[in-house]
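Notes for the structure review
Here is what each chain is made of, one letter per residue.
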Amino acid sequence: MLKQWSLSIALVMALFTSPVCLADEIAIQQDAQGVNYVTGGIGSEEVEALESFKKQFNLYFLFSEGKIGRLVDDVNISILDAKKQTVFSLEHAAPRLLLSLPSGKYTVIASYQGNSQRYTLNANAKKHQRVILNWKNATLDEDSREENRQDDVTPDEINNDTRAALPGSS
């Protein structure tokens, strides 16, 4: 009996700690407007899982704070089309967000810890575009100092990006 119990526990532990299980947690979802999206990217396994979805989407958002670019989650984001109609909205987004929008001009309104910012982008349905939204004036905690950053933006994520920051910040 004890041997069966130990084997059962080992199987359950393996299932819940495997990359396959974690990748299953990262799934394509749909917002209230019917736009498909994927959000995640906390930890290397989630980043790898997101990479498998990347080719299916034309927009890749990365949310960060401060000069060092510490990744943040719990971002609320709304995207409006040229007619000021909401075409996408999500509360509590993780640091990385993938979604697809038709070609056109959009206004992104994102808020993090009560600080909002607006950003205008021209999406191309056939071209992948990366947008980094950074809250430069955010108060950083002790764990986010330069020598402790582990989840910051990777060099691959910086290539060909579009950066935005709170107006008037530097």
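Right above here is the structure, for reference.
Below: a short report on this structure. Quantities reported herein were computed from a predicted structural model and do not represent experimental measurements.

Strand β10 (residues 129-135) sits mainly inside the fold: 7 of its 7 residues count as buried. Neither face of β10 is left uncovered, since the one carrying Q129, V131, L133 and W135 and the one carrying R130, I132 and N134 both have all their residues buried.

What the 4 strands build is an open sheet, ordered β6-β5-β8-β9; its pairing is antiparallel. Edge positions in the sheet fall to β6 (86-93) and β9 (115-123), since each has one partner strand and no second. The mean inter-strand angle of the sheet, taken between neighbouring strand axes irrespective of direction, is 15°. For strand β5 (residues 75-80) and strand β8 (residues 104-112), the ladder comprises 5 bridges, and the chain directions are antiparallel. Its bridge partner being in β8, I77 is matched across the sheet by A110.

Moving on to unusual backbone geometry. Its identity as a non-glycine residue notwithstanding, H92 has a phi of 65°, on the positive side. For H92, the position within the fold is in strand β6. You will see that Q113, though not glycine, has its phi angle at about 50°, which is positive. Among the secondary structure elements, Q113 is positioned in the loop between β8 and β9.

This next bit is on the nonpolar core. Across soluble globular proteins, you tend to see nonpolar side chains buried next to one another. Of all hydrophobic cores here, the largest spans 26 residues; its most connected members are F61, F63, I79 and L99. Of all elements in the fold, only β3 (59-65), β5, β6, β7 (96-99), β8, β9 and β10 reach the threshold of two or more residues within this core. Setting aside chain neighbours within four positions, we find L99 in contact with V35, N36, Y37, F57, N58, L59, F61, I79 and F88. Counting 11 residues, the second-largest nonpolar core is a separate cluster that includes A49, F57, L71 and L98.

This part covers the side chain of S111. The topology assignment puts S111 in strand β8. Overall, S111 belongs to the buried group, its relative accessible area being 19%. Beyond its immediate sequence surroundings of up to four residues, S111 is in contact with D74, V75, N76, S116 and W135.

What counts, and where the lines are drawn
- Residues numbered from 1 in each chain as written.
- Predicted model: local features only at pLDDT ≥ 70, side-chain atom pairs only at ≥ 80, totals over all residues.
- Heavy atoms only, no water.
- Buried < 20%, exposed > 50% of the residue type's maximum accessible area, 1.4 Å probe, protein only.
- Helix = DSSP H or I, 4+ residues; strand = E, 2+ residues; numbered from the N terminus.
- Pairing = 2+ DSSP bridges.
- Axes fitted to C-alpha atoms, helices over the stretch in contact; angles between N-to-C directions.
- Core = buried A, V, L, I, M, F, W, Y, C linked by side-chain atoms within 4.5 Å.
- Contact = heavy atoms within 4.5 Å.

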